[in-house]
Amino acid sequence: MTPHEQVIDLHTHSSMSDGTQTPTELVAAAVAAGIDVLAITDHDTVGGWAEAERAARAAGLTLVKGVEISCHYDYSSVHLLGYLIDPADSALATELGRARESRATRLERMVERMTSDGIPISYEQVLAQVRPGATPGRPHIADALIEAGVIQHRDEAFADWLSERSPYYVGHYAVDLARAVRIVRAAGGVPVIAHPFTRTRCAGIPDSFIEQLAAAGLGGLEAYHRDHGPAEVARAERLAAEYDLLLTGSSDYHGDGKRNRLAENTTRREVLDAIIEQSSGATPVVRP
């Protein structure tokens, strides 16, 4: 009999950032999708870890604790996944706190621009979309627009109303990518660039900078992602071979907030083992 090949999804979001499911609901959805190992990687927060751990233990699911850190490179937005980091690390906690605070204040400015243009939403309506303890973000403006009947799905909002090209867009604080890589390593974690060559976001990262990041401690590239076509996957595979980086694959699941589906891309077991081996052990994997 062929042994069961584990289904490993290392990039998902709960309602603690911009997902639509609570950490408990996220774990239940992962179990229903046949996932064996799930990573919770909310934007700039570890607020969902405790609830996700309780749910994972009850469901018999292996849980990898992580975070998706808002970063920038050459005026472009880039996201860095930090796996098995120590959340008590002061430098990391400071950066995550700055990003969360900036995300919250920028929403009010975006809504002000919208209301001045006659769009029928208020900042109070946006805040009503944010679950207690969650990090406010643009998806919550999208949800308010949906509730107001302006649009039908979050995708519409990000294609137009909330994109970086929109007159309503306001930026937020993001740490330099190379600094974030070093911070994650210092916090005992393993840094992996999320969808590094997404054509609409950060395709401008040159190969030479990937080399610099590898020297700074970068652990891997999220190669297998719905925002990567064959050319982007091939580029990630070439760079990983050249600079001894890990290659991960993930869904980047947000519940109903995006069309991404759980386990639509997955990570090999030996890659997860390498991530665990590289981590300091300050935050262990939660096993059933």
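Predicted model only: the values in this text are computed from it and were never measured.

Undergrad: Got a minute to help me understand the overall build of the chain in this structure?
TA: For the chain, the count of helices and strands is 10 helices and eight strands. Over its C-alpha atoms the chain spans a radius of gyration of 18 Å, differing by no more than 12% from the 19 Å that the globule rule assigns to 288 residues. Its C-alpha atoms give the chain principal-axis dimensions of roughly 60 × 45 × 40 Å. Long-range contacts, defined as pairs at least 24 residues apart, comprise 73% of the intrachain contacts of the chain with a sequence gap of at least 6. As presented, the chain carries roughly 12100 Å² of accessible surface, and 49% of it is formed by carbon and sulfur atoms. Both charge centroids of the chain, one from 27 positive and one from 40 negative side chains, sit 1 Å from each other.

Undergrad: Is there a simple way to think about the pattern of salt bridges in this case?
TA: If charged atoms from side chains of opposite charge come close, those side chains can pair. The tally for this structure, following the rule as stated, stands at 12 salt bridges. Ionic pairing is found between Glu53 and Lys65, a salt bridge with its closest N-O pair at 2.6 Å. With Glu53 in helix α2 (residues 49–59) and Lys65 in strand β3 (residues 62–73), this residue pair connects regions lying 12 residues apart in the sequence. A single burial state applies to Glu53 and to Lys65, both of which are buried. Across the salt bridge formed by Asp273 and Arg269, the nearest N and O atoms sit 2.8 Å from each other. Taken as a pair, Asp273 and Arg269 lie in helix α10 (residues 269–278) at a separation of four residues, close to a single helical turn.

Undergrad: How do you make sense of helix α3 (residues 90–116) when you look at a structure like this?
TA: In an α-helix, one turn spans 3.6 residues, which is why side chains three or four residues apart end up on the same side. Over its 27 residues, α3 runs 40 Å from end to end, which matches the ideal 39 Å to within 8%, given 1.5 Å per residue. For α3, the full list of buried residues reads Leu92, Glu95, Leu96, Ala99, Ser102, Arg103, Arg106, Leu107, Met110, Val111 and Met114. Packing partners of the buried residues in α3 comprise β3, α4 (123–127), α5 (138–147), α6 (154–161), β5 (175–176) and α7 (177–186). Residue Asp89 occupies the N-cap position of α3, its side-chain oxygen lying 3.3 Å from the main-chain nitrogen of Ala91. After α3 finishes, the residue Gly118 shows a positive phi value of roughly 90°.

Undergrad: Please clarify how the packing of aromatic side chains should be interpreted in this entry.
TA: In this description, a pair of aromatic rings is defined by centroid distance and the angle of the planes. Applying the stated criterion across every chain yields a total of two aromatic pairs. With 6.4 Å between their ring centres and 15° between their planes, Trp161 and Tyr168 make a pair best called stacked. Looking at Tyr168, the relative accessible area reads 12%, which means it is buried. Between the NZ or CZ atom of Arg98 and the centre of the ring of Tyr173, over which it lies, the distance is 4.0 Å. Positioned above the aromatic ring of Phe197 is the side chain of Arg235, whose terminal nitrogen or guanidinium carbon lies 4.0 Å from the ring centre.

Undergrad: Would you mind going over the environment of Met114 with me for this structure?
TA: Considering the arrangement of structural elements, one finds Met114 in helix α3. Between the C-alpha atoms of Met114 and Ala216, which are 102 residues apart in sequence, the distance is 41 Å.

Undergrad: Would you mind showing me how to read the side chain of Asp42 here?
TA: Relative to the helices and strands, Asp42 is located in the loop between β2 (37–40) and α2. In this structure, Asp42 is buried with no salt-bridge partner, the nearest side chain bearing the opposite charge being Arg154 at 9.7 Å. Apart from the residues lying within four places of it in its own chain, the contact partners of Asp42 are Thr12, His13, Ser14, Met16, Ser17, Gly66, Val67 and Glu68.

Undergrad: What's the story with the side chain of Ser70 in this structure? I'm lost.
TA: Its location among the elements puts Ser70 in strand β3. On the basis of relative accessibility, which here comes to 3%, the residue Ser70 falls in the buried class. In contact with Ser70, other than residues within four places in its own chain, are Asp44, Val78, His79, Arg103, His172, Tyr173, Ala174 and Val175.

Undergrad: Which parts of the structure should I look at to understand the pairing of β3?
TA: In terms of burial, β3 is largely enclosed, as 11 of its 12 residues are buried. As paired elements, β2 and β3 share four bridges and run parallel to each other. Within the sheet, the bridge partner assigned to Ala39 lies in β3 and is Val64. Alignment of β3 against strand β4 (residues 76–83), held across eight bridges, turns out to be antiparallel. Paired with Tyr73 across the strands is Ser76, a residue of β4.

Undergrad: Is there a simple way to think about the packing of α3 against α5 in this case?
TA: A packed helix pair is summarised by two numbers, namely the angle formed by the two axes and the spacing between the axes. For the pair α3 and α5, interaxial distance at closest approach is 10 Å and the crossing angle is 35°. Remark: the crossing between α3 and α5 carries right-handed chirality. When α3 is examined against α5, the residues Arg106, Leu107, Met110, Val111 and Met114 are found in contact with a partner set consisting of Arg138, Ile141 and Leu145. Across the contact of α3 with α5, the residue classes tally to six nonpolar, no polar and two charged.

Calculation criteria
Residues numbered from 1 in each chain as written. Predicted model: local features only at pLDDT ≥ 70, side-chain atom pairs only at ≥ 80, totals over all residues. Heavy atoms only, no water. Helix = DSSP H or I, 4+ residues; strand = E, 2+ residues; numbered from the N terminus. Rg over C-alpha atoms; globule rule 2.2 N^0.38 Å. Contact = heavy atoms within 4.5 Å. Areas by Shrake-Rupley, 256 points an atom, 1.4 Å probe, with all protein chains shown as cover. Lys, Arg positive; Asp, Glu negative; His and termini not counted. Charge placed at Lys NZ, Arg CZ, Asp CG, Glu CD. Salt bridge = Lys/Arg side-chain N within 4 Å of Asp/Glu carboxyl O. Buried < 20%, exposed > 50% of the residue type's maximum accessible area, 1.4 Å probe, protein only. Expected span 1.5 Å × (residues − 1). Polar contact = N/O pair within 3.5 Å; in protein donor to acceptor, adjacent residues only side chain to side chain. Phe/Tyr/Trp six-rings, centres within 6.5 Å; stacked < 30°, edge-to-face > 60°. Lys NZ or Arg CZ within 6 Å of the ring centre and 35° of its normal. Pairing = 2+ DSSP bridges. Axes fitted to C-alpha atoms, helices over the stretch in contact; angles between N-to-C directions. Left-handed = near helix turned anticlockwise from the far one by under 90°. Nonpolar A, V, L, I, M, F, W, Y, C, P; charged D, E, K, R; others polar.

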